[in-house]
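# Summary of structural features
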Amino acid sequence: MPAEICVTLPDGTTKSLPSGSTGADLAASIGKRLARDAVVVEVDGEQRDLTRDLPEDAAVRIITAASDEGREVLRHSTAHVLAQAVLSLWPGARFAIGPAIDDGFYYDFELPDGQTFSEDDLERIEDKMREIVGADQPFVRAECSVDEGLEVFAEQPYKREIIERVESSEVAGDGSVSLYRNTEGFVDLCRGPHVPSTGRLGHFKLMKVAGAYWRGDEKGPMLQRIYGTAWESAKALEEHLERLRQAEARDHRKLGVELDLFSFPDEVGSGLAVFHPKGGLVRRLMEDYSRTRHEQAGYEFVYSPHITKSALFEQSGHLEWFADGMYPPMELDGGTDYYLKPMNCPFHILIYRNRLRSYRDLPLRMFEFGTVYRYEKSGVVHGLTRARGFAQDDAHIFCTHEQAEGEITRALDFVLGLLRDYGLTDFELELSTRPPEKAVGTEEEWDTATEILRRAAVAKGLDPVLDEGGGAFYGPKVSVQVRDAIGRSWQMSTIQLDFQLPQRFGLEYVGADNERHRPVMIHRALFGSVERFFAVLLEHYAGAFPAWLAPVQVRVLPVRADHHVYADRLVDRLLAEGYRADTVVADEPLGARIRRAKMEKLPYVLVVGDDDVAAGTVGVNPRGGEVERGVHVDDFVDRLAADVLAHV
RNA sequence: GCCCGGGUAGCUCAGGGGCGAGAGCAGCUGUCUUGUAAACAGCAGGUCGUGGGUUCGAAUCCCACCUCGGGCUCCA
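Residues numbered from 1 in each chain as written. Chains lettered and ligands numbered in written order. Predicted model: local features only at pLDDT ≥ 70, side-chain atom pairs only at ≥ 80, totals over all residues. Heavy atoms only, no water.

Over its 14 residues, helix α20 (residues 633-646) extends 20 Å from the first C-alpha to the last, a length consistent with the 20 Å expected when each residue adds 1.5 Å. If you check which residues of α20 are buried, you get V633, F636, V637, L640 and D643. Projected down its long axis, α20 carries its buried residues within an arc of 120°, all on one side. Opposite its buried face, α20 presents the exposed residues D638, L645 and A646, each directed more than 90 degrees away. Elements in contact with the buried residues of α20: β29 (554-558), α17 (564-576), β31 (604-608), β32 (617-622) and β33 (628-632). At the C-terminal side of α20, H647 shows a positive phi close to 60°. (Helix = DSSP H or I, 4+ residues; strand = E, 2+ residues; numbered from the N terminus. Expected span 1.5 Å × (residues − 1). Buried < 20%, exposed > 50% of the residue type's maximum accessible area, 1.4 Å probe, protein only. Arc of directions from axis to C-beta. Contact = heavy atoms within 4.5 Å.)

Let us look at the nonpolar core. Counting residues in hydrophobic clusters, the biggest one holds 59 residues, and the most contacted among them are M286, L419, V480, L497, F533, L537 and F545. Ranked by residue count, the leading element in this core is helix α13 (residues 401-421), at nine residues. Aside from chain neighbours lying at most four places away, what touches L537 is M286, Y422, L424, F545 and L549. Residues A65, L74, F109 and Y158 belong to the second largest nonpolar core, which totals 49 residues. (Core = buried A, V, L, I, M, F, W, Y, C linked by side-chain atoms within 4.5 Å.)

For any pair of aromatic rings, geometry is given as the distance between the ring centres together with the angle between the planes. Under the counting rule described, the total for this entry stands at 26 aromatic pairs. With a centroid separation of 5.6 Å and 75° between ring planes, the pair formed by F301 and F367 is classed as edge-to-face. One end of the pair, F301, is in strand β16 (residues 300-301); the other, F367, is in strand β20 (residues 364-373), with 66 residues separating them in the sequence. On the basis of relative accessible area, F301 is assigned to the partly exposed category, the value being 33%. A relative accessible area of 1% places F367 in the buried class. Three or more aromatic residues joined by ring pairs make a cluster, and in this case those are W90, F95, Y107, F109, F117 and F186. We note R75 situated over the ring of W231; from NZ or CZ to the ring centre the distance is 4.4 Å. Over the aromatic face of F204 sits the side chain of R130, whose NZ or CZ is 4.8 Å from the ring centroid. (Phe/Tyr/Trp six-rings, centres within 6.5 Å; stacked < 30°, edge-to-face > 60°. Lys NZ or Arg CZ within 6 Å of the ring centre and 35° of its normal.)

With that settled, the discussion passes to the confidence of the model for chain A. Counting all residues, the mean pLDDT for chain A is 90, and 98% of those residues have values of 70 or more. The ipTM value of the predicted complex is 0.93, and its pTM value is 0.89. (pLDDT = per-residue confidence, 0-100.)

What the eight strands build is an open sheet, ordered β16-β20-β21-β28-β25-β24-β22-β23; its pairing is mixed. Looking along the sheet, the strands with just one partner apiece sit at the ends: β16 and β23 (465-467). Bridge analysis of strand β24 (residues 477-483) against strand β25 (residues 489-498) gives six bridges, and the strand direction is antiparallel. Its bridge partner lying in β25, Q481 is registered against Q491. Of the strands in this sheet, β16, β20, β21 (389-399) and β28 (520-525) are in contact with helix α9 (residues 277-296), which crosses β20 at around 160°. Strands β20, β21 and β28 of the sheet are contacted by helix α12 (residues 345-353), whose axis makes an angle of about 35° with β21. (Pairing = 2+ DSSP bridges. Axes fitted to C-alpha atoms, helices over the stretch in contact; angles between N-to-C directions.)

Taking strand neighbours across the sheet as the criterion, the three strands line up as β17-β19-β18 in an open arrangement whose pairing is antiparallel. Of all strands in the sheet, those with a lone pairing partner are β17 (307-309) and β18 (330-332), marking the two edges. Taken over all neighbouring pairs, the strand axes of this sheet differ in orientation by 35° on average, direction set aside. Bridge analysis of β17 against strand β19 (residues 336-340) gives three bridges, and the strand direction is antiparallel. Each bridged residue has a counterpart across the sheet, and for T308 the counterpart in β19 is Y339.

With that settled, consider the protein's contact with RNA strand B. Close to RNA strand B lie 59 residues, the nearest being Y213, E376, A586, D610 and N621. Protein-proximal atoms of RNA strand B, defined as those within 4 Å of the protein, fall in sugar or phosphate at a share of 51%. For RNA strand B, a base oxygen lies 3.2 Å from a polar atom in the backbone of G211. A distance of 2.6 Å is found between a base oxygen of RNA strand B and a side-chain nitrogen or oxygen belonging to N621. (Near = heavy atom within 4 Å. Polar contact = N/O pair within 3.5 Å; in protein donor to acceptor, adjacent residues only side chain to side chain.)

This is the structure:
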């Protein structure tokens, strides 16, 4: 054994250390601060515990807590402490898995005698966890054989099940499993790595309890899951909690009530919204703009009914593949089943098929705000983002094979431009491929279609992320993920290529060669669902809609009753010029009326008093800006016009 | 659909077997005439989600259903 080992650091320099040195020794030899912040060490690309010996001649990198990788380790280790706490508070509890996730971690348990956690238990568990952290117990790694592992976890069926899958390399892959023990006799099956000891943890909070199926299988046992979050410092934890509070404040369901935009009356049914006048106005503005842009882009507008005979959805394949997601049929006309439509495509196909089409008709682009109904499982309904009835901004492009790629590129261009106009500018593309379990058509057709989509995406200069098996049953799709103002990602638009439905419906066109050919169909939606898009915009803007979408753009507040006439004239002028303005009479102090307007998040409040009446001016109090006195009315109108035009 | 937790006035929430069920905000009516984020007073407002049950007595305990929230799963 050599007396020294030599390792290479990320900057390319090498360092000699006594043989038997650990990652912790390395960190300490580099600096005191690094030694304190280090959580694990990466050795030749593999993360390891700081306490393990370093091999000779390895490329090493110290990972600190304040990095994505470091936080992941931290969270994973905190999950272990959670398990230790629960097992000590509920003797006989079984524990399953406890990984790190975005912003935190969870651990799944099965409590004895079918007990369940309540929110109050979280505090007790947290206290116990702090105790364990305070004791600074080391995480000690041990390796053992599968049989020994099964022995150690004799009372833990979930752990045994995991070990039994070792062959499929879930834990180690070489017939051995690794364990982590700490004092108090707690031992967990774990691949690691972990922080050196529990004392390194502490900036965590348990967030909620939930049910979760073992291995995500609906037929498997329901376990009790505890979610928590963990960070490298008290400050980072507090910032995260603040972000959550911010997200909560801009929740569209909350803003929908506060700003009187929409509601979900119990009398109507779960997942079925009604839009109130203000929400209806915003929605109409959104839709009108979309219509105008579609018209300019060569789409033609069609309409189709909400219900149809079952045969149509039999032919489309929806009843075969999508029946679970459909409302049950109504039996009418002595035995005919009618269904509420879950999709618009079959109707557009019938419009296409209504007469013989020539290649000269193609591409044919049909657009409809089509209201569809989907019977979502009761547990998944969620405000406007997951409703049971919603309008799709749905279009179907019928074209030749040769035109398909160009049409997709064009559609993608259109989508991104339109989303930008609504104020969403941060995109990511995702390419969803063939779902192995439920797909119609041959693999070859799918490959061709997928490749066309990929090329179109790349042509836009956006490298799509692959979503293996995420396509619909009839075709692959490119979807646009949008990042909103606080960094959350929403799946928005989809563009789907479909060779199947034209075939099922026997669609044809007569080519230049006077022969009959089969067209290709492209399904595309930009908002996906108007309701959902409404919700995303509402959250993106935190309720403060830009002037072009704001239900009320300007509120005029007379200082005293004798300014009413001037205020009314001002409102009349704004209305006449096509703006949305109103006024509130002076039977309440000005401050109170301004406060109301601010809580309604209006773009502009205009205050008019003696000076303004005399000079033909207004006091401008813009949202998020400084008050300006004595602005000439014409100048204000110009400013408003510029805002509306610029969509700000 | 499954697990956990909720549903009390328009909104936000107290009250948890026994006085006619409460507060703040919003609403209405007066008074106040106001220059940039809450004037004052009074009034009105609830079959305590729905239906059953236990009890001398239920907003309160039990059951079922509806519905909302957080998850699982699924998806636009």
